[in-house]
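Okay, here's what each chain looks like letter by letter:
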Amino acid sequence: MVTLLIVIVVLSFIFDYINGFHDAANSIATIVSTKVLTPFQAVLWAAFFNFGAFFISKYVVGHFGIADTIAKSVTLQKGDPLALYVILAGLISAIIWNLVTWWFGIPSSSSHALIGGLIGAAVARYGTLAVVVAAKVIPIVCFILLAPMIGMIIAFIITVLIVHLCKRGNPYKTEKWFKRLQLVSSGLFSLGHGSNDAQKVMGIIGAAMVASHHIPDLNHIPDWVPIMCFVAIGLGTMSGGWKIVKTMGTRITKVTPLEGVAAETAGAVTLFLTEHFKIPVSTTHTITGSIIGVGATKRLSAVRWGVTINLVWAWVLTIPVSAIFAAISYYIMLLFI
C-alpha cells in the first residue's frame, strides 16, 4: 500500500506539472500576443506568481478549500483495499486527457478531467452513482458555463469603462500604460491560476493519504504536499504550451494591451471569487470567457464563434470522456491485482 501511495503522489506531481504547461496559455496568451513580453519572459513571470499563490492561499485566504472540495467529490468506503486504485485510475485518466488535448491544442479543463476521472473510477468500483457527492460536484458542473459567463460579463464591463475613461487620451501614451498594466493583470491571473489548480492535486494526494490511513483527515496534510504542488505547477508553466497559446491569444479574437488588461483582470476576479466559495473552476474556461467578453465590446462578429463553439464542445465532453477513460483504466488494473 505504501508503494501504491508513492506512485499516486509521484503521478500527482506529474499531473500538476502537465497542468502547468497545459494551462500556461491561460496566464500568458494575451501578454504574448500583445508583445508585452517574449514567450520566455512570460512563462517565467507566470511561473513566479503560480508559486507565489501558495502564500496567498495559506496566509491570506487561510485555507485550501478547493483541495477539500476535490478530495470529497466522491465517497470512498472506509477500509476499502481498492480505494487507492480508484484514485490512481482517476489520475491516469486525467493525465491522458490533458496530454491528448494539449497535443491537439485544445484548451480543455484539467480540473474537470480530474473530477471526471474520480467519478468514473469510483462508479466503476462501486457500481452506483451514489458515490458521487452531489453537493460538491453539482456546483463544479454548473460552473463549466457559469465561470466563462462571469468572466465574459466582467471583461465586457471593464473594457467599456476603460474605453470610456480613455477615449480622450493620447493613443500612444495610453497603449504604453496598458502594456505596463498588463504585467499586473497577468500576475494577478497567474496568482488565481496557481491557487486554483495546485490545490486540486493537493486534494488528490490528501484523499490518497486518508484512504491509506497515513493521516486521519484532510486537516492533517503535511506542509510538504502544498509546497511541492505549487512548485510543480510553476515548473510546468515554465515549460509553456505554445499550441494552446496560439488558440487563446490569436484565434478567438485579436487582443490589444487594453483588452488584455481587461480580460486578465476579469479572469483574476472570477478565480478569486470562486476560490472564496471553494468551487474548483477551470482557468481555461474563465480566461476564454473573458477574452470573448473583450471581443464582444467591438462587435459580436469580432469573436470567432466557430472556434469558440469547438472549445465549448471540449468543455462539455471533458468530464464524461475522462470518466470513461478512468473506468477503463480501473478495469484494466483489476486484471493485474
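For clarity, every value in this text was computed on a predicted model and none was experimentally measured.

*Asks:* Please provide a residue-by-residue account of the packing of aromatic side chains, values included.
*Replies:* Following the criterion strictly, the structure yields nine aromatic pairs and no others. A ring pair is formed by Phe-54 and Phe-55, whose centres lie 5.1 Å apart and whose planes are at 80 degrees; its orientation type is edge-to-face. Residue classification places Phe-54 among the buried positions, given a relative accessible area of 6%. For Phe-55, a relative accessible area of 40% translates into the label partly exposed. Ring-pair connections join several aromatic residues into one group, and the members of that group are Phe-51, Phe-54, Phe-55, Tyr-59, Phe-64 and Phe-230. The side chain of Lys-58 reaches across the aromatic face of Tyr-59, ending 5.8 Å from its centre.

*Asks:* Could you give an account of the UniProt feature "transmembrane region" (unreviewed entry) in the protein chain, with specific residues and numbers?
*Replies:* The UniProt entry lists residues 44-61, 82-106, 112-133, 140-163, 224-245 and 307-332 under the feature "transmembrane region" (unreviewed entry), expressed in the numbering used here. Each end of residues 112-133 is marked by a C-alpha atom, and these two atoms are 15 Å apart; helix forms 68% of the span and strand 0%.

*Asks:* Summarise the packing of helix 3 (residues 39-61) against helix 9 (residues 224-238); cite the residues concerned and give the values.
*Replies:* At a closest axis distance of 7 Å, the pairing of helix 3 and helix 9 adopts a crossing angle of 165 degrees. Taken as axis vectors, helix 3 and helix 9 run roughly antiparallel relative to one another. Every pair of crossing elements has a handedness; the one defined by helix 3 and helix 9 is right-handed. In this structure, helix 3 contributes Val-43, Leu-44, Ala-46, Ala-47, Asn-50, Phe-51, Ala-53, Phe-54 and Ser-57 to the contact, and helix 9 contributes Pro-226, Ile-227, Phe-230, Val-231, Ile-233, Gly-234, Thr-237 and Met-238. The residue makeup of the contact of helix 3 with helix 9, split by class, is 13 nonpolar, four polar and no charged.

*Asks:* Give me the nonpolar core: which residues, what numbers.
*Replies:* With 62 residues, the main nonpolar core has Ile-8, Leu-91, Ile-204, Ile-205 and Cys-229 as its most contacted residues. Counting residues in each nonpolar core, the second largest holds 21 residues, with Ile-154, Val-261, Ile-287 and Val-294 among its members.

*Asks:* Give me the lowdown on the packing of helix 5 (residues 83-103) against helix 8 (residues 171-211), citing residues and values where you can.
*Replies:* Running from N to C, helix 5 and helix 8 point in directions that differ by 165 degrees, and their axes come no closer than 9 Å. As summarised for this structure, helix 5 and helix 8 are arranged roughly antiparallel, according to the angle between their axes. In this structure, helix 5 meets helix 8 at a crossing whose hand is left-handed. Contact with helix 5, carried on its side by Ala-83, Leu-84, Ile-87 and Leu-91, involves Ile-204, Ala-207, Ala-208 and Ala-211 of helix 8 and no other residues of that element.

*Asks:* Talk me through helix 5; I want residue IDs and the actual numbers.
*Replies:* Spanning 21 residues, helix 5 covers 31 Å between terminal C-alpha atoms, matching the ideal 30 Å at 1.5 Å per step. A positive phi of about 70 degrees marks Gly-105, the residue just after helix 5.

*Asks:* Please give an account of the environment of Asp-16 that cites residues and values.
*Replies:* By the secondary structure assignment, Asp-16 is in helix 1 (residues 2-22). Considered as a pair, Asp-16 and Ile-291 are 275 residues apart in the sequence and their alpha carbons are 25 Å apart. Contacts of Asp-16, omitting those with residues within four sequence positions, involve Asp-197, Ala-198, Val-201, Cys-229, Phe-230, Ala-232 and Ile-233.

*Asks:* Just give me the short version of the pattern of salt bridges, but keep the residues and values in it.
*Replies:* Applying the stated criterion across every chain, the model contains four salt bridges. As a salt-bridge pair, Asp-68 and Lys-72 come within 3.1 Å of each other at their nearest N and O atoms. On the accessibility criterion, Asp-68 (23% relative accessible area) is partly exposed. On the basis of relative accessible area, Lys-72 is assigned to the partly exposed category, the value being 40%. Between Asp-197 and Lys-200 there is a salt bridge, with its nearest N and O atoms 2.8 Å apart. With Asp-197 and Lys-200 both in helix 8 and three residues apart, this pair spans about one turn of that helix.

Criteria and thresholds
- Residues numbered from 1 in each chain as written.
- Predicted model: local features only at pLDDT ≥ 70, side-chain atom pairs only at ≥ 80, totals over all residues.
- Heavy atoms only, no water.
- Phe/Tyr/Trp six-rings, centres within 6.5 Å; stacked < 30°, edge-to-face > 60°.
- Buried < 20%, exposed > 50% of the residue type's maximum accessible area, 1.4 Å probe, protein only.
- Lys NZ or Arg CZ within 6 Å of the ring centre and 35° of its normal.
- UniProt positions renumbered as here; feature names shortened; annotations may be inferred.
- Helix = DSSP H or I, 4+ residues; strand = E, 2+ residues; numbered from the N terminus.
- Axes fitted to C-alpha atoms, helices over the stretch in contact; angles between N-to-C directions.
- Parallel < 35°, antiparallel > 145°, perpendicular 65-115°, else oblique.
- Left-handed = near helix turned anticlockwise from the far one by under 90°.
- Contact = heavy atoms within 4.5 Å.
- Nonpolar A, V, L, I, M, F, W, Y, C, P; charged D, E, K, R; others polar.
- Core = buried A, V, L, I, M, F, W, Y, C linked by side-chain atoms within 4.5 Å.
- Expected span 1.5 Å × (residues − 1).
- Salt bridge = Lys/Arg side-chain N within 4 Å of Asp/Glu carboxyl O.

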